[in-house]
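Coordinates in review
In case you want the letters, here they are:
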Amino acid sequence: MPENDDLRLKRTIEILGELVAFDTTSALSSEVAKPNRPLIDFVRNFLEKLGIASTIVATEDQPGKACLWATIGPDSKEGGIVLAGHTDVVPVQRDRWQSDPFTLTERDGKLYGRGACDMKAFIACALSFIEDRAINQRLGQLKAPLRLALTYDEEITMAGAQRLTEWLQEQGMRPSWVWIGEPTTMRIVDAHKGVAEYNVEITGKACHSGLPHLGVSAIACACEIAQSIAAKQAEKQSLPFANSRFAPPYTTFNVGKIEGGQAANIVAGSCRMAWQVRIHPGDETAQTLRQSIETKTTKKWGKIFAEFPGTGLKTTTVCDIPPLEPTPENPASAALETALGGKPQTVSFATEGGIFQKIAAPQQTPIVICGPGDIAVAHSDHEHVTKDQLALCLDAMDKVFCAAPTKKK
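Residues numbered from 1 in each chain as written. Predicted model: local features only at pLDDT ≥ 70, side-chain atom pairs only at ≥ 80, totals over all residues. Heavy atoms only, no water.

Structural notes on the sheet that holds strand E5 (residues 110-112)
To keep it simple, the criterion reads: Strand pairing is assigned whenever DSSP detects at least two bridges linking the two strands. What counts as a helix is a DSSP run of H or I of at least four residues, what counts as a strand is a run of E of at least two, and both are numbered from the N terminus. The convention used is that axes are lines fitted to C-alpha atoms, helices contributing only their stretch in contact, and that angles between N-to-C directions extend from 0 to 180 degrees.
Ordered in space as E4-E5-E17, the three strands form an open sheet in which the pairing is antiparallel. Each edge of the open sheet is held by one strand with a lone partner, namely strand E4 (105-107) and strand E17 (384-386). Averaged over all neighbouring strand pairs, the angle between strand axes comes to 30 degrees, with direction disregarded. Sheet topology places E4 next to E5; three bridges connect them, and they run antiparallel. Paired with Glu-106 across the bridge in E5 is Leu-111.

Structural data, given as structure tokens:
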């Protein structure tokens, strides 16, 4: 490795260590969740020292949470390549870690820490790349504006990406394409399924199991919802998408949790369930699928609930993340193919890609998913990234920004 590249890799690791040190855990529980604003302020100060201005995008109803947007190069609303990453991480169980999860630790050539893989490694590469260009006065050599987009709460609701894209639309921003650095071991991804998750709370009426006509079984209602979900799954499975690149080649459902009731001799007065749908690109929306499933349930249970005041069901949307649909003649994918080789793939996990794809709606914004680290170790108690992956990402950024187009075609 040339000396300059070695020094830049060392600097990238230093930046990654600073990013990992911020506990940016996102969680639905307020007792577990941590703010990401300190990390955002760190990045903003980092850029300011390089003479680069940035904008903080936040909302009053989410204190401590913020997105960041910065443009390096010509400050136009058209064109430019967005390097996008989420700043939040999943919760940790410290007793399962061999080292402090919020201290980047090297063992056997691997860099361990929460977020080291998913996905602060990519953010560190982006900052290192920008810093190197700025310090060596090479920002003017960029063939297209470089835009940095950092978000929050990707791991739970993707509220940060939703807020940032709304703001970008308000500003009239139309980037050429977006590069999202989720861990793919630097393989190119141009499509993924969408995911929607729902929590259902059913309020029945408890009574003696010997007199079930006097009550309403919340568990029985939950079981019928599960049956409706199973029927919809069978329907989708019977109509797979032709020439699909996904396995399986259809939309899938999962009832992940059902809990309720008190005892076998008591009709269950309450029940909670959680279910999820992963939507194949080109299929119905999550909202349409949910309505179809709930319609089957309410035909019968609506009448029962009407007979027993205080009973009923309530569905809460945890997240609704659209699929990332392949874009014909995708310049994002083409640029990474030139830099890295290989053909685009699909992945089973969801990203902010489907949200960023709508920046220039109704026209689709081209998206590519490609980043350092292996998704297989993300969210684990041995999460790490290798130096080779960081070096490969830095090299790809060099190649992409030397050949990038200046405007969207």
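Having seen it, we continue.
A closer look at the sheet that holds strand E11 (residues 252-260)
The sheet built from four strands is open, its strands ordered E11-E13-E9-E14 with antiparallel pairing. Because the sheet does not close on itself, it has two edges, and the strands there are E11 and strand E14 (312-321). Averaged over all pairs of adjacent strands, the angle between their axes in this sheet comes to 15 degrees, without regard to strand direction. For strand E9 (residues 194-203) and strand E13 (residues 270-279), the ladder comprises 10 bridges, and the chain directions are antiparallel. Bridging across to E13, Val-200 finds its partner in Met-273.

Here we look at helix H2 (residues 37-49)
For clarity, the cut-off: Between the first and last residue of a helix there are one fewer steps than residues, each counted as 1.5 Å, and that sum is the expected span. The rule is simple: take the accessible area with a 1.4 Å probe, protein chains only, and divide by the maximum for that residue type; under 20% is buried, over 50% is exposed, in between is partly exposed. This arc is built from the directions going out from the helix axis to the C-beta atoms.
The first and last C-alpha atoms of H2 sit 18 Å apart over 13 residues, in line with the 18 Å expected at 1.5 Å per residue. Those residues of H2 not exposed but buried are Leu-39, Ile-40, Phe-42, Val-43, Phe-46 and Leu-47. Seen along its axis, H2 keeps its buried residues to an arc of 155 degrees; they face one direction. Looking one or two residues past H2, Gly-51 carries a phi angle of roughly 80 degrees, positive in sign.

Concerning the pattern of salt bridges
Rules: A pairing counts as a salt bridge when a side-chain nitrogen of Lys or Arg comes within 4 Å of a carboxyl oxygen of Asp or Glu.
As enumerated under the stated definition, the model contains 22 salt bridges in all. With a shortest N-O distance of 3.5 Å, Glu-337 and Lys-343 are connected by a salt bridge. Classification of Lys-343 by relative accessible area gives exposed; the value is 63%. Its salt-bridge partner being Asp-395, residue Lys-399 comes within 3.1 Å of it at the nearest N-O pair. Taken as a pair, Lys-399 and Asp-395 lie in helix H9 (residues 387-403) at a separation of four residues, close to a single helical turn. Taking relative accessible area as the criterion, Lys-399 reaches 41% and is therefore assigned partly exposed. Each of Arg-8, Asp-132, Arg-133 and Asp-398 takes part in a single network of salt bridges with overlapping partners.

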